Amino acid sequence: MFFSQTLETYLLIAVFLFVTGIYGMIQHRSFVGMLISAELVLNSAALNFMAFNKFTAPDPAVGQVFTLFIMGIAAAEVAIAISMVLAVYRRYRCDDPDDVHEMKH
Amino acid sequence: MLIYHYISEILFFAFIVLTFFGGILAVRSKLIIHSVLGLAVCFLGVAGLYFYLDSPFLSMMQILIYVGAICIVLVFGVMVGYTPTQIAEKHLKGKNLVLAVMSGALVFSLMTAVIFKSEFVPAAKRTGDFSMEWLGRSLLYDYCLAFELISLILLAAIVGAIILGQGGRGDN
């Protein structure tokens, strides 16, 4: 039996990535760190799609198309989020999420 | 030919180890730039896993988009926005750490239980294959609308990022 040919291996790796992302999202003290954790969560979802695509899906193209879309949305999200972080940093001079609690400076 | 199977299995575990250590480095390191490095390593590991899922095209896309674009954008964000004294993470609060570990353990145990309890049945009949030709065909025929919408989202993201990023450093 090969571990690379069983579905559960990939699902467990995806669970690990997801849990790491949640852990980092709660524990990080900066906006960029939280963004990195969000990327980990997105990537775990993509890995899950690819695993089910290989082992159970009727049409093998669907999961790959979906993963490509996840990548595109992740790229757009990072571009927007980084420019928002920069705008917040310019205005408040800090990047601790706890310190940024006023809407108007 | 069996020896090649074992070699590929060893490589598979190497990719898993790469993914794990990258993920841990991404969330545990004190410096943000090390977190970005860990993220890149983790994405490389996942790109290797995509090879074993029969999609070398997605593997290349993973390296191109995640490692080549997203990590670079994150590095730019760290370099442009942070003064050197603020690159290091501030003290990790104890309450947050306990909360993070507890929620992580809870989600992990729940999902692991779900994975091992449920039974995954393969599809009775498969249409198409894993080739790039079939992927491109379904991308441009069946999922054409979603394809166009993604380009619209990317355009909106570009315009939004430019508008948000307007103005210099001292410009409020």
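None of these values were measured; they are calculated from a predicted model.

Looking at helix 7 (residues 144-164) of chain B
Along an α-helix, residues three or four apart share an orientation, since each turn contains 3.6 residues.
Here's step 1: With 21 residues, helix 7 of chain B should reach 30 Å at 1.5 Å per residue; the first-to-last C-alpha distance of 30 Å fits that figure.
Here's step 2: Restricting attention to buried positions, one finds in helix 7 of chain B the residues I150, A157 and G160 of chain B. Burial along helix 7 of chain B is one-sided: seen end-on, the buried residues are contained in an arc of 90°. Exposed residues on helix 7 of chain B whose side chains face more than 90 degrees from its buried face are L145, L152, I162 and I163 of chain B.
Here's step 3: Its buried side turned inward, helix 7 of chain B meets helix 3 (60-92) of chain A.

Focus: the nonpolar core
A general tendency of soluble globular proteins is for nonpolar side chains to be buried together.
Here's step 1: Of all hydrophobic cores here, the largest spans 60 residues; its most connected members are L47 and M71 of chain A together with Y50 and L74 of chain B.
Here's step 2: Elements with a minimum of two residues in this core: helix 1 (7-27), helix 2 (31-55) and helix 3 of chain A together with helix 1 (2-28), helix 2 (32-52), helix 3 (56-81), helix 5 (94-117) and helix 6 (132-140) of chain B.
Here's step 3: If you tally residues by element for this core, the top one is helix 3 of chain A, at 11 residues.
Here's step 4: Split by domain, the residues of this core number at least three in each of domain 1 (1-89) and domain 2 (127-172) of chain B.
Here's step 5: Every residue in contact with L74 of chain B, bar those within four places of it in the chain, is listed here: V32, L35, I36 and I82 of chain A together with V36 and L39 of chain B.

Considerations on a nonpolar patch on the surface
Residue and element names in this part refer to chain B.
Here's step 1: A surface patch of nonpolar side chains, amounting to about 600 Å² of accessible area, comprises L145, L149, L152, L155, V159 and I163.
Here's step 2: One can find L152 in helix 7.
Here's step 3: In this structure L152 comes out as exposed when scored by relative accessible area, which is 54%.

As for helix 1 of chain A
Here's step 1: The end-to-end C-alpha distance of helix 1 of chain A, which contains 21 residues, comes to 30 Å, matching closely the 30 Å that a straight helix rising 1.5 Å per residue would cover.
Here's step 2: Taking burial as the measure, the 21 residues of helix 1 of chain A include 16 buried ones, the bulk of the element.

A closer look at the confidence of the model for chain A
Close reading of the predicted structure is inappropriate where its pLDDT is low.
Here's step 1: Here chain A averages 87 in pLDDT, while 94% of its residues score no lower than 70.
Here's step 2: When mean pLDDT is taken per element in chain A, helix 1 of chain A scores highest with 93 and helix 3 of chain A scores lowest with 88.

What to know about the interface of chain B and chain A
Here's step 1: Across the contact, 92 residues belong to chain B and 79 residues belong to chain A.
Here's step 2: Where chain B abuts chain A, roughly 7,400 Å² becomes buried across the two surfaces, and 72% of that area is made up of carbon and sulfur atoms.
Here's step 3: At the boundary of chain B with chain A, the tally comes to one salt bridge.
Here's step 4: For the salt bridge of K54 of chain A with D54 of chain B, the shortest nitrogen-to-oxygen distance reads 3.8 Å.
Here's step 5: In this assembly, chain B and chain A are joined by 10 residue pairs in polar contact (both at pLDDT 80 or more).
Here's step 6: Of all the secondary structure elements, the ones that give two or more residues to the side of chain B that touches chain A are helix 1, helix 2, helix 3, helix 5, helix 6 and helix 7 of chain B.
Here's step 7: Broken down by element, the residue count for the side of chain B that touches chain A peaks at 14 residues, all from helix 1 of chain B.
Here's step 8: Class assignment of the residues belonging to the side of chain B that touches chain A gives a composition of 57 nonpolar, 24 polar and 11 charged.

Focus on the packing of helix 3 of chain A against helix 6 of chain B
Here's step 1: As a packed pair, helix 3 of chain A and helix 6 of chain B sit with axes 9 Å apart at the nearest point and diverge in direction by 65°. Classified by the angle between their axes, helix 3 of chain A and helix 6 of chain B sit roughly perpendicular to one another. Between helix 3 of chain A and helix 6 of chain B lies a crossing of right-handed hand. Note on element contacts: helix 6 of chain B touches helix 3 of chain A through W134, L135, S138 and L139 of chain B, opposite A61, Q64, V65, L68 and F69 of chain A.
Here's step 2: A breakdown of the residues in the contact of helix 3 of chain A with helix 6 of chain B according to their chemical character gives seven nonpolar, two polar and no charged.

Definitions and cut-offs
- Residues numbered from 1 in each chain as written.
- Chains lettered and ligands numbered in written order.
- Predicted model: local features only at pLDDT ≥ 70, side-chain atom pairs only at ≥ 80, totals over all residues.
- Heavy atoms only, no water.
- Helix = DSSP H or I, 4+ residues; strand = E, 2+ residues; numbered from the N terminus.
- Expected span 1.5 Å × (residues − 1).
- Buried < 20%, exposed > 50% of the residue type's maximum accessible area, 1.4 Å probe, protein only.
- Arc of directions from axis to C-beta.
- Contact = heavy atoms within 4.5 Å.
- Core = buried A, V, L, I, M, F, W, Y, C linked by side-chain atoms within 4.5 Å.
- Domains from an automatic or database assignment.
- Patch = residues over 30% accessible without salt bridge, like charges linked within 9 Å, V, L, I, M, F, W, Y side chains within 5 Å.
- Areas by Shrake-Rupley, 256 points an atom, 1.4 Å probe, with all protein chains shown as cover.
- Salt bridge = Lys/Arg side-chain N within 4 Å of Asp/Glu carboxyl O.
- pLDDT = per-residue confidence, 0-100.
- Buried area = accessible area lost by both parts, 1.4 Å probe.
- Polar contact = N/O pair within 3.5 Å; in protein donor to acceptor, adjacent residues only side chain to side chain.
- Nonpolar A, V, L, I, M, F, W, Y, C, P; charged D, E, K, R; others polar.
- Axes fitted to C-alpha atoms, helices over the stretch in contact; angles between N-to-C directions.
- Parallel < 35°, antiparallel > 145°, perpendicular 65-115°, else oblique.
- Left-handed = near helix turned anticlockwise from the far one by under 90°.

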